[in-house]
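So you can see what is in the structure, the chains are spelled out below.
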Amino acid sequence: MEFDALDQALLGELQHDARQTNRDLAAKTGVSPSTSLERVKQLRDRGVITGYHATLDLEAIGRPVQALIAVRIRPPARPVIEGFREWAATLPEVIGLFVTSGPHDFLIHIAVPDVNGVYAFVIDRLTERREIADVQTTMAYEHVQRHRVDPAGPAAR
């Protein structure tokens, strides 16, 4: 998928502040409001922009403790993997989930109120699942997250 300079500027501005008005977005990117509106619509229609959301402070909402939990599933069959993925993605502690290759099948990112919450998640939630063969938990001291992702340029392809 190709992105010209205007697409990249619009995407950058929206990732910085998705709540800004179209008029402000147009002014910041140097185009008319109608051009801005049409190009953003095209980016949505192409599936580049998939939604808008609010970023929350985990400490402010009472979930300051984060952990990454590596899980190995057995047997490693598609229905078992997909079933576990669907189940895990619905758990309220889970804020991110990766299906991975290598020694583990999943990397689950959780945020909970305290260390006891991590323990309860592993012992009470995960161990109830028969398909789990191994669990390794890593506590996260800090989570630095990028809120802007630029489209890949020609050199990155």
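I will try to describe carefully the structure that is included in this document. (Residues numbered from 1 in each chain as written. Predicted model: local features only at pLDDT ≥ 70, side-chain atom pairs only at ≥ 80, totals over all residues. Heavy atoms only, no water.)

1. A word on the sheet that holds strand S1 (residues 65-73)
Strands pair in a sheet through their backbones, by hydrogen bonds, and they do so in one of two ways: parallel or antiparallel.
Turning to step 1, where the next piece is worked out: Pairing in this open sheet of 4 strands is antiparallel, and the strands run S2-S3-S1-S4 from one edge to the other. The open sheet has two edge strands, strand S2 (94-99) and strand S4 (132-140), and neither has a second partner. Adjacent strand axes in the sheet meet at a mean angle of 20°, parallel and antiparallel pairs treated alike.
Turning to step 2, where the next piece is worked out: Across 7 bridges, S1 lies against strand S3 (residues 106-112) in antiparallel orientation. Opposite Ala70, over in S3, you have Leu107 as the bridge partner.
Turning to step 3, where the next piece is worked out: In this fold helix H4 (residues 78-89) packs onto S1, S2, S3 and S4, with an angle of close to 165° to the strand it touches most, S2. (Pairing = 2+ DSSP bridges. Helix = DSSP H or I, 4+ residues; strand = E, 2+ residues; numbered from the N terminus. Axes fitted to C-alpha atoms, helices over the stretch in contact; angles between N-to-C directions. Contact = heavy atoms within 4.5 Å.)

2. Details of helix H3 (residues 33-45)
Turning to step 1, where the next piece is worked out: Its 13 residues place the ends of H3 18 Å apart at the C-alpha level, agreeing with the 18 Å of an ideal helix rising 1.5 Å per residue.
Turning to step 2, where the next piece is worked out: Of the positions making up H3, those classed as buried are Ser36, Arg39, Val40 and Leu43. One side of H3 holds all its buried residues, which, seen down the axis, span an arc of 100°. Along H3, exposed side chains directed more than 90 degrees from the buried face belong to Ser34, Leu37 and Asp45.
Turning to step 3, where the next piece is worked out: The inward-facing, buried residues of H3 abut helix H1 (5-16) and helix H2 (22-29). (Expected span 1.5 Å × (residues − 1). Buried < 20%, exposed > 50% of the residue type's maximum accessible area, 1.4 Å probe, protein only. Arc of directions from axis to C-beta.)

3. Thoughts on unusual backbone geometry
Turning to step 1, where the next piece is worked out: In this structure, Pro75 follows Arg74 across a cis peptide bond, with omega equal to -5°.
Turning to step 2, where the next piece is worked out: Assignment of secondary structure puts Pro75 in the loop between S1 and H4.

4. Details of H2
Turning to step 1, where the next piece is worked out: Those residues of H2 lying buried are Leu25, Ala26 and Thr29. Around the axis of H2, the buried residues are gathered within 100° of arc, so they sit on the same side. Counted as exposed and oriented over 90 degrees from the buried face of H2: Arg23, Ala27 and Lys28.
Turning to step 2, where the next piece is worked out: In this structure, the buried residues of H2 make contact with H1 and H3.
Turning to step 3, where the next piece is worked out: Positive backbone phi, approximately 75°, marks Gly30, located one or two places after H2.

5. Some thoughts on the pattern of salt bridges
Turning to step 1, where the next piece is worked out: A complete count under the given rule lists 10 salt bridges for this structure.
Turning to step 2, where the next piece is worked out: For Arg39, the salt bridge is made with Asp4, and the minimal N-O distance between the two is 2.5 Å. Highlighted residues: Arg39 in helix H3 and Asp4 in the segment before H1, separated in sequence by 35 residues.
Turning to step 3, where the next piece is worked out: Using a relative accessible area of 37% as the deciding quantity, one classes Asp4 as partly exposed.
Turning to step 4, where the next piece is worked out: The closest approach of N and O atoms between Arg46 and Asp7, which form a salt bridge, is 3.8 Å. On the criterion of sequence distance, the pair formed by Arg46 in the loop between H3 and S1 and Asp7 in helix H1 is long-range, its members being 39 residues apart.
Turning to step 5, where the next piece is worked out: A relative accessible area of 34% places Arg46 in the partly exposed class. (Salt bridge = Lys/Arg side-chain N within 4 Å of Asp/Glu carboxyl O.)

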